[in-house]
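Below are the chains, spelled out letter by letter.
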Amino acid sequence: MRHMMHSSLRPRLCALLPLLVLSIALSGRTKQTSHGRWKLVWQEEFRGRRLSDEWTRIPRFPNPSEWNKYMSSDDRLFRLRHGRLTLYGLVNDFLPGDTARFLQGGIYTKDRKTFHRGRLEIRLRMDNASGAWPAAWLLPQEGRWPQEGEIDIMERLNDEGEAHQTVHSAFTEWDKRKDKPSNHLKSPIRNGRYNVYGVEMYEDSLCFFINDEYTFTYRRQPEYGEEQYPYDRPMYLLIDMQLGGHWVGRVNPEELPYRYQIDYVRYYTPLPPKERE
């Protein structure tokens with residue numbers, strides 16, 4: 001419980017959690033976990049006919065990096081239906097003015113909604129396809145990469161039955177010390193089905209979950225300097241995919257279209273001590 005234990009003990013508690021973390025919904029707006037009770041303060045259930053005001057479609061940037069080079073806002077890459085948003089990855093045989101071989105959809109909350117010191121949960125399902133790399137991740141509103149940090153709540157490659165959860169910073173990317181803490185873990189998922197991916201964000205640690213099962217903790221370690229933990233700041237959420245790349249490999253066009261489905265996004269903050277009684 002965040003307000004009822006010293007912050008230095010929380011990472012130790014995360015590391016000692018049993019693999020299965022009990023999670024019970026209370027009255028639909030609070031959540032009980034092994035870390036205490038949380039209050040639901042924001043949610044996206046994708047029940048409208050268009051995206052709510054907290055979201056925008058991710059554009060293709062000028063001089064795009066690998067993850068963004070096939071991004072497009074074309075309507076055919078997005079579908080809202082039955083309380084779910086489906087993002088598509090397609091062979092580009094319908095936009096003759098766009099030279100990209102493939103097109104992919106993505107959304108983010110940049111400049112509209114940020115998350116800080118709370119619990120974020122996302123329920124997702126993705127197809128299996130060669131060269132497909134769906135992700136849900138957090139970036140700071142301002143600053144440079146990787147100095148200001150990146151939190152990868154979920155990444156999945158190709159048809160793997162596992163998901164990657166990772167943090168990035170100048171420390172993880174450039175520091176050469178061999179004894180530095182691990183910034184990554186790969187854990188099993190229910191392949192082809194919906195899974196809930198979560199992260200709890202504290203001032204001194206990040207605790208990751210899949211289907212309410214604790215996976216790992218990345219904690220602040222002052223002996224490594226300030227750049228080791230830049231994550232205690234407001235961040236915006238990206239839910240998108242990448243088609244092809246150095247880590248995921250080549251795309252097989254015969255396996256497209258690719259579907260990446262988002263059921264909900266829910267954000268909780270710790271209940272004040274009086275509300276826990």
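Computed from a predicted structure; not experimentally measured.

A. Spatial organisation of the environment of I210. Along the polypeptide, I210 turns up in strand β15 (residues 205–210). Residues within four places of I210 in sequence aside, it is in contact with A163, Q165, S187, P188, I189, V196, Y197 and T215.

B. Spotlight on the pattern of salt bridges. Scanning the entire structure with this criterion turns up 19 salt bridges. Between D75 and R57 there is a salt bridge whose closest N-O contact spans 2.7 Å. Taken as a pair, D75 in the loop between β4 (56–57) and β5 (78–81) and R57 in strand β4 lie far apart in primary sequence, 18 residues in all. Between R119 and E200 there is a salt bridge, with the nearest N and O atoms lying 2.5 Å from each other.

C. The arrangement of the side chain of D98 in detail. Along the chain, D98 turns up in the loop between β6 (84–91) and β7 (102–104). Here D98 falls in the buried class, since its relative accessible area comes to 19%. Looking at D98, its side chain comes within polar contact range of the main-chain nitrogen of A100, at 2.9 Å. Apart from residues no more than four positions distant in its own chain, D98 is found in contact with R60, N92 and L103.

D. Quick peek at the sheet that holds β4. If you trace the seven strands from one edge of the open sheet to the other, you get β4-β8-β17-β10-β11-β12-β13, paired in antiparallel fashion. A single partner strand is all that each edge strand has here, and the edge strands are β4 and β13 (184–188). Two strands pair when backbone bridges link them, and β4 and strand β8 (residues 107–108) are joined in this way by two bridges, in the antiparallel orientation. Looking at the pairing, R57 lines up with I107 of β8.

E. Structural context of the layout of surface pockets. Within this model, the largest pocket holds a volume of roughly 380 Å³. Considering the residues around the largest pocket, the lining is formed by 15 residues, among which W67, W133, W137, E150 and E155 are closest to the centre. The set of elements that each furnish at least two residues to the lining of the largest pocket consists of β10 (132–140), β11 (150–155) and β17 (235–243). Of the residues in the lining of the largest pocket, the class split is six nonpolar, three polar and six charged. Estimates place the volume of the second largest pocket at around 210 Å³. Forming the walls of the second largest pocket are 15 residues, and the residues nearest its centre are K110, L139, P140, G143 and Y236. Where the lining of the second largest pocket is concerned, the elements lending two or more residues are β10 and β17. At three residues, the largest contribution of residues to the lining of the second largest pocket is made by β10. Partitioning the lining of the second largest pocket into residue classes produces nine nonpolar, three polar and three charged.

F. How the structure looks around the side chain of T166. Turning to its location among the elements, T166 is positioned in strand β12 (residues 162–168). Overall, the relative accessible area of 5% leaves T166 in the buried class.

G. Fine view of the packing of aromatic side chains. Across all of its chains, the model carries 15 aromatic pairs by this definition. An angle of 35° between the planes, with centres 6.0 Å apart, marks the rings of F46 and W55 as tilted. For F46, a relative accessible area of 3% corresponds to the buried category. Ring centres of F209 and Y214 lie 6.1 Å apart, and the angle between their planes is 70°; this geometry places the pair in the edge-to-face category. On the basis of relative accessibility, which here comes to 1%, the residue F209 falls in the buried class. On the basis of relative accessibility, which here comes to 7%, the residue Y214 falls in the buried class. These aromatic residues form a ring-pair network of at least three members: W42, F46, W55, F115 and Y267. The side chain of K180 reaches across the aromatic face of F171, ending 5.5 Å from its centre.

Rules and cut-offs
- Residues numbered from 1 in each chain as written.
- Predicted model: local features only at pLDDT ≥ 70, side-chain atom pairs only at ≥ 80, totals over all residues.
- Heavy atoms only, no water.
- Helix = DSSP H or I, 4+ residues; strand = E, 2+ residues; numbered from the N terminus.
- Contact = heavy atoms within 4.5 Å.
- Salt bridge = Lys/Arg side-chain N within 4 Å of Asp/Glu carboxyl O.
- Buried < 20%, exposed > 50% of the residue type's maximum accessible area, 1.4 Å probe, protein only.
- Polar contact = N/O pair within 3.5 Å; in protein donor to acceptor, adjacent residues only side chain to side chain.
- Pairing = 2+ DSSP bridges.
- 1 Å grid on protein atoms, 1.4 Å probe; cavity = no way out; pocket = protein on both sides within 12 Å on 5 of 7 lines; lining within 4 Å.
- Points joined across faces, edges and corners; volume = space filled by probe spheres on them.
- Nonpolar A, V, L, I, M, F, W, Y, C, P; charged D, E, K, R; others polar.
- Phe/Tyr/Trp six-rings, centres within 6.5 Å; stacked < 30°, edge-to-face > 60°.
- Lys NZ or Arg CZ within 6 Å of the ring centre and 35° of its normal.

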